[in-house]
Amino acid sequence: MTQKEIADELFHAGKEVKKSILGVAEASQIDKSIDGSVYFQYAQILKNLNLLYQSMDTGLENFDRMVEELSNAGPNLDDENAFVSKFISVLNSMLMNTIRFRQKYCLIRRNDPVPGLASHIITNLGQIVMSLNNGYIPVIDTINADNVFTELSKRYSTNAWELYFDQPLFPLSEEVMGDKEIKMLDGIPDFMPNYNMDCLMNPELMAFWRGIMKEYMPMSDPLNDRVQECLGRLPFDNGEKVLGVLCRGTDYTNIRPYNHPIQPSLETVFAKADEFMYNYQCDYCYLATEDQEILSAFRKKYQNRLLTTQEIYYESALKDTINETNNKRCINIHQKNMEYLTALILLSKCRYFIGGRTSGTVVSMLLSKGFNAEYIWDCGRYGIDDTLTLKSYIC
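Residues numbered from 1 in each chain as written. Predicted model: local features only at pLDDT ≥ 70, side-chain atom pairs only at ≥ 80, totals over all residues. Heavy atoms only, no water.

Chemist: Would you explain the state of the cysteines in this entry?
Modeler: Working definition: the covalent bond between the sulfur atoms of two cysteines is a disulfide. Summed over all chains, the structure comprises zero disulfides. Distance from the sulfur of cysteine 285, which forms no disulfide, to the nearest cysteine sulfur (cysteine 350) is 8.2 Å. Residue class for cysteine 285 comes out buried when judged on its relative accessible area of 0%. The closest cysteine sulfur to the non-disulfide-bonded cysteine 379 is located on cysteine 247, 11 Å from its own sulfur. (Disulfide = S-S within 2.5 Å. Buried < 20%, exposed > 50% of the residue type's maximum accessible area, 1.4 Å probe, protein only.)

Chemist: Could you clarify how one ought to interpret the nonpolar core in this entry?
Modeler: In summary, soluble globular proteins display a tendency toward joint burial of nonpolar side chains. In this structure, Tyr39, Leu46, Phe87, Ile121, Phe236 and Tyr286 are the most contacted members of the largest nonpolar core, which totals 97 residues. Sorting elements by how many residues they give to this core places helix H4 (residues 80–102) first, with eleven residues. In terms of nonpolar packing, the next biggest core, distinct from the first, is built from 21 residues, Cys282, Ile294, Leu306 and Ile354 among them. (Core = buried A, V, L, I, M, F, W, Y, C linked by side-chain atoms within 4.5 Å. Helix = DSSP H or I, 4+ residues; strand = E, 2+ residues; numbered from the N terminus.)

Chemist: What am I meant to see in the sheet that holds strand E7 (residues 352–356) here?
Modeler: One key point about sheets: their strands pair by backbone hydrogen bonds, in either a parallel or an antiparallel sense. Ordered in space as E6-E5-E4-E7-E8, the five strands form an open sheet in which the pairing is parallel. Every other strand in the sheet has two partners, leaving strand E6 (306–307) and strand E8 (373–377) as the edge strands with one partner each. The pairing of strand E5 (residues 284–288) with E6 spans two bridges and is classified as parallel. Residue pairing in the sheet places tyrosine 286 in a bridge with leucine 307 of E6. In the packing of helix H12 (residues 266–279) onto the sheet, the strands contacted are strand E4 (242–246), E5, E7 and E8, and the crossing angle to E8 comes to about 170°. Where helix H13 (residues 292–302) meets the sheet, it contacts E4, E5 and E6, and its direction lies at approximately 175° from that of E5. (Pairing = 2+ DSSP bridges. Contact = heavy atoms within 4.5 Å. Axes fitted to C-alpha atoms, helices over the stretch in contact; angles between N-to-C directions.)

Chemist: Looking at this model, I keep getting lost on the packing of aromatic side chains. Mind explaining?
Modeler: The description of an aromatic ring pair uses the distance of the two centres, along with the angle that the planes make with each other. Going through the model one piece at a time under the given rule, you end up with 19 aromatic pairs. Relative to tryptophan 161, the ring of phenylalanine 149 lies with its centre 5.8 Å away and its plane at 70°, an arrangement referred to as edge-to-face. Here phenylalanine 149 is found in the loop between strand E2 (137–140) and helix H6 (150–156), whereas its partner tryptophan 161 is found in the loop between H6 and helix H7 (174–177), with twelve residues between them in sequence. Judged by its relative accessible area of 1%, phenylalanine 149 is buried. Between phenylalanine 353 and phenylalanine 371, the aromatic rings sit 5.2 Å apart at their centres with planes inclined by 15°, giving stacked as the arrangement. Pair noted here: phenylalanine 353 is in strand E7 and phenylalanine 371 is in the loop between helix H16 (359–367) and E8, with a separation of 18 residues, a long-range link. What makes phenylalanine 353 buried here is its relative accessible area of 0%. Relative accessible area serves as the criterion here: at 11%, phenylalanine 371 is assigned to the buried category. Here a set of aromatic residues connected by ring pairs shows up, and it is made of Tyr39, Tyr42, Phe83 and Phe87. We note lysine 4 situated over the ring of phenylalanine 101; from NZ or CZ to the ring centre the distance is 4.9 Å. One cation-aromatic arrangement involves arginine 102 over phenylalanine 11; the distance from NZ or CZ to the ring centre is 4.8 Å. (Phe/Tyr/Trp six-rings, centres within 6.5 Å; stacked < 30°, edge-to-face > 60°. Lys NZ or Arg CZ within 6 Å of the ring centre and 35° of its normal.)

Nothing here speaks to function; it is geometry throughout.
Take a look at the structure:
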């Protein structure tokens, strides 16, 4: 067998072993009488997988010590979960190195010019997981796609995604990929973070996606520099309590996009903000919005306690989508994206958070380590169960 064939066999065998041990662990949680000695067999299987791994001569991490530690430790009734977690951790590392060695690539594209930046972040996270789970190196491609990044890619003669984030594993070019096996992923994956409450209020699911975002979607140096500059001049790291507020307006609340989450009214947001500011003794309120009137209302209400970092805002009565307005007003899209991402990142640094269900809310929650307290409005969906739609029925 060639080393490439060995790598293919190791990847597929490793996935089957992973599925098997997780099945045993799940059964063990239900049936406590399962003999824990079965895990010694898995330790031996991992040794055999490691022999395959070593024969590939990857030049990457050597797993001898970790595999030996697992074999020597052995699970008992008290540390079964710890054994399985360690086993999966070692096996995942082995599989990730195998993916790198196989050099099979997956180009992630989303051909849809309507969704904004946060929506692309969410779907890309799902596609990264899908790509890795199938043994491919994920590459987010905005050069050969029709979406909000397309014009930026042309203008800057680069993959516009990399203006804001690094590639999931390492920088790649067409020359590097050469004649390697390449597959495409387009559209919206079945498994991804979502702004439904089942996802947002599920601690284990949110922890999973936070881990994926931290590992495979690192900020670009320019974006990180901008965030650090803002943190340096704002009271985020001096012990102050900051309430983060994400408040959408403009095209979202005017156009009422079908099946998208209904946003709370400004009065409702103010009531909840006041409640949080009082109950948690917050020193400041950090606002992320694109709406000029919302900004003005917050400035009037909170005055010198209001923190903002954005510069580009829009009229509340916006009739076009923001993307269409940007084109008409010749808005600097790169500046706007940097402002928006910085705002979402700063929201994640707040101790407390309130916001409607939007893609931006999801991204801020994934970027955070978890808030001391949060409130997400679940007001239904436009055109489905909002008040105007319900009143439209003849019944």
